[in-house]
Amino acid sequence: MSSTRQFLDKLHPHFVKGGKLEKLYPVYEMVDTFLYSPPDVTHGSAHVRDAVDLKRVMTYVWIAALPCMLMAMFNTGYQANAAMQALGLTEVPNWRGLIQNFFGFNPNNPISDLVHGALYFLPVYIVTLVAGGIWEVLFAVVRKHDVNEGFFVSSILFALTLPPDIPLWQVALGISFGVVIGKEIFGGTGKNFLNPALTGRAFLYFAYPASMSGDAVWTAVDGFSGATALGVAAMGGVQGIHDAGISWIQTFFGFEQGSMGETSTFACLIGAAFLLYTRIANYRIIAGVLVGMIATSTLLNIVGSDSNAMFSMPWYWHLTLGGFAFGTVYMATDPVSAAQTNTGRWIFGALIGFMTVLIRVVNPAFPEGIMLAILFSNIFAPLIDYAVIKANIARRVRRHV
């Protein structure tokens, strides 16, 4: 038996009922089950077993987000180094400069880009883990239940949807809102009807729009401004993107300004392949989003508009711009807040695709639409499932009349 296992077993009596640290049992259980498989076994004779438990599901989603994490660090650093080169800057006047000076600020050096980006992404992720983790443990202690692994996923998805220059106190406020209002107030993991990460992101978007949108938040260099490719498209359509020197393949691989983990469709596709292979994500939702997006954008292409250049944007540009791929792969497929029936998943996905394009094209106030479309569809997911089940019951009744 390992020394760690022996140490945890020695502490165990202090955390069980009657022990002096009884109220902190959820914290002990969280550390124990993170390091080792739970020792609990079923005592009854009849039970259902599955090789995939909640802990493994959440671990798989975190692994699937790894390509986006790496791209978030690399592209954030690449954009910052390129902006510094354009402005003629050779150093960063804060604590990051003390570290980055060892690696330089060359945008053509992948190590320099990766380290520079990590110096922005990791503080955001650490603050998310600490602030959100405190709320998770607090609710677990008060309610006397285990600390749910769902936060493990919400934390990384929330961090990836943020711009690199966001103040860290806003990060703490946003994840606190997402965990408390988006999940815990409804009873915790499995009982929330909204995606907690998106709820926190939406709160920041409306509460602090200056830190979440505009031209000054996407590149982590003071004094540098630049719009995202989707922001450029909202002003001048596809022609505007071409005029800005941005190609489709550039947006596909994610070498553009934007939220740290949302720019690369290619990284999202790698994550999607892993989630579908492990059967964590349901293909019907992803396919439904694509069908809804392609059908709606094609219809708007046919309708056309003389005053709105977004009407003519083809579906393959919608696919790579903004957070469409990230939202489709990691947010829409949330097994808790999405529709639960197979037919409902198609409808749920199609509704997201339809709403995303509609918000992007028709609503001039929001150049990005996937976040609002998913939250909107989350609210309707129970109603969609209810309608599907009622239709199935009615069809079976007619079959036996």
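Quick notes on the rules
- Residues numbered from 1 in each chain as written.
- Predicted model: local features only at pLDDT ≥ 70, side-chain atom pairs only at ≥ 80, totals over all residues.
- Heavy atoms only, no water.
- Core = buried A, V, L, I, M, F, W, Y, C linked by side-chain atoms within 4.5 Å.
- Buried < 20%, exposed > 50% of the residue type's maximum accessible area, 1.4 Å probe, protein only.
- Helix = DSSP H or I, 4+ residues; strand = E, 2+ residues; numbered from the N terminus.
- Contact = heavy atoms within 4.5 Å.
- 1 Å grid on protein atoms, 1.4 Å probe; cavity = no way out; pocket = protein on both sides within 12 Å on 5 of 7 lines; lining within 4 Å.
- Points joined across faces, edges and corners; volume = space filled by probe spheres on them.
- Axes fitted to C-alpha atoms, helices over the stretch in contact; angles between N-to-C directions.
- Parallel < 35°, antiparallel > 145°, perpendicular 65-115°, else oblique.
- Left-handed = near helix turned anticlockwise from the far one by under 90°.
- Nonpolar A, V, L, I, M, F, W, Y, C, P; charged D, E, K, R; others polar.
- Polar contact = N/O pair within 3.5 Å; in protein donor to acceptor, adjacent residues only side chain to side chain.
- Arc of directions from axis to C-beta.
- Phe/Tyr/Trp six-rings, centres within 6.5 Å; stacked < 30°, edge-to-face > 60°.

Novice: Can you walk me through the nonpolar core in this structure?
Specialist: Soluble globular proteins: nonpolar side chains tend toward being buried together. Grouped together as the largest cluster of nonpolar side chains are 82 residues, with contacts concentrated most on Phe121, Leu160, Leu162 and Tyr330. Looking at this core, the element that brings in the most residues is helix H18 (residues 370-399), giving eight residues. In contact with Leu162, not counting residues within four places along its chain, are Val124, Val171, Arg201, Leu204, Met212, Ser259 and Met260. Membership of the second largest hydrophobic core comes to six residues, among which are Ala80, Ala83, Val92 and Val221.

Novice: Just to check I follow, could you spell out empty space enclosed by the protein for this structure?
Specialist: A probe matching the size of a water molecule, rolled over the atoms, marks out where space remains unfilled. Counted under the stated rule, the structure contains two cavities of 30 Å³ or more. The calculated volume of the largest cavity comes to roughly 270 Å³. Surrounding the largest cavity, 22 residues form its lining, Met58, Val153, Leu157, Asp334 and Pro335 being those nearest its centre. Going through the elements one at a time, helix H3 (54-64), helix H7 (150-160) and helix H16 (324-331) are the ones with two or more residues in the lining of the largest cavity.

Novice: Help me out: how do you make sense of the layout of surface pockets in this one?
Specialist: Counted as a void, the second largest pocket has a volume near 500 Å³. Lining the second largest pocket are 32 residues; nearest its centre among them are Arg201, Trp218, Thr228, Leu230 and Glu368. Elements with a minimum of two residues in the lining of the second largest pocket: helix H9 (196-207), helix H11 (229-243), H16 and H18. Per-element accounting of the lining of the second largest pocket gives the leading share, four residues, to H18.

Novice: Can you walk me through the packing of helix H8 (residues 168-180) against H9 in this structure?
Specialist: Helix-helix packing is described using two parameters, namely the angle between the two axes and the distance between the axes. As a packed pair, H8 and H9 sit with axes 7 Å apart at the nearest point and diverge in direction by 130 degrees. What the angle tells us is that H8 and H9 run oblique. Here H8 and H9 pass one another in a crossing that is right-handed. Of the residues in H9, those in contact with Gln170, Leu173, Gly174, Phe177 and Gly178 of H8 are Pro196, Thr199, Gly200, Phe203 and Leu204. When grouped by side-chain class, the residues that make up the contact of H8 with H9 number five nonpolar, five polar and no charged.

Novice: I tried to follow the side chain of Asn378 on my own but got confused; where do I start?
Specialist: Of note, Asn378 is situated in helix H18. Side-chain polar atoms of Asn378 contact the backbone oxygen of Ser337, separated by 3.1 Å. Leaving out residues up to four positions away in the same chain, Asn378 has contacts with Phe193, Leu194, Asn195, Ser337, Ala338 and Phe348.

Novice: Sorry, what's going on with H3 here?
Specialist: Those residues of H3 not exposed but buried are Val57, Met58, Val61 and Ala64. For H3, the angular spread of buried residues about the axis comes to 120 degrees, placing them on one side. If you follow the buried residues of H3, they end up packed against helix H4 (66-87), H7, helix H13 (265-277) and H16.

Novice: What is the right way to look at the packing of aromatic side chains in this model?
Specialist: Each pair of aromatic rings is reported with the distance of its centres and the angle of its planes. Counted under the stated rule, the structure contains 21 aromatic pairs. For the ring pair Phe15 and Tyr28, a centre distance of 5.1 Å and an interplane angle of 20 degrees mean the geometry is stacked. Of this pair, Phe15 sits in helix H1 (residues 3-15) while Tyr28 sits in helix H2 (residues 25-35); the two residues are 13 residues apart in sequence, bridging distant segments of the chain. Tyr28 matches Phe15 in its accessibility class, with the two residues each being buried. Ring geometry for Phe326 against Tyr330: centres 5.0 Å apart, planes inclined by 40 degrees, an arrangement best described as tilted. Placement of both Phe326 and Tyr330 in helix H16 is noted, with a separation of four residues, approximately one turn of the helix.

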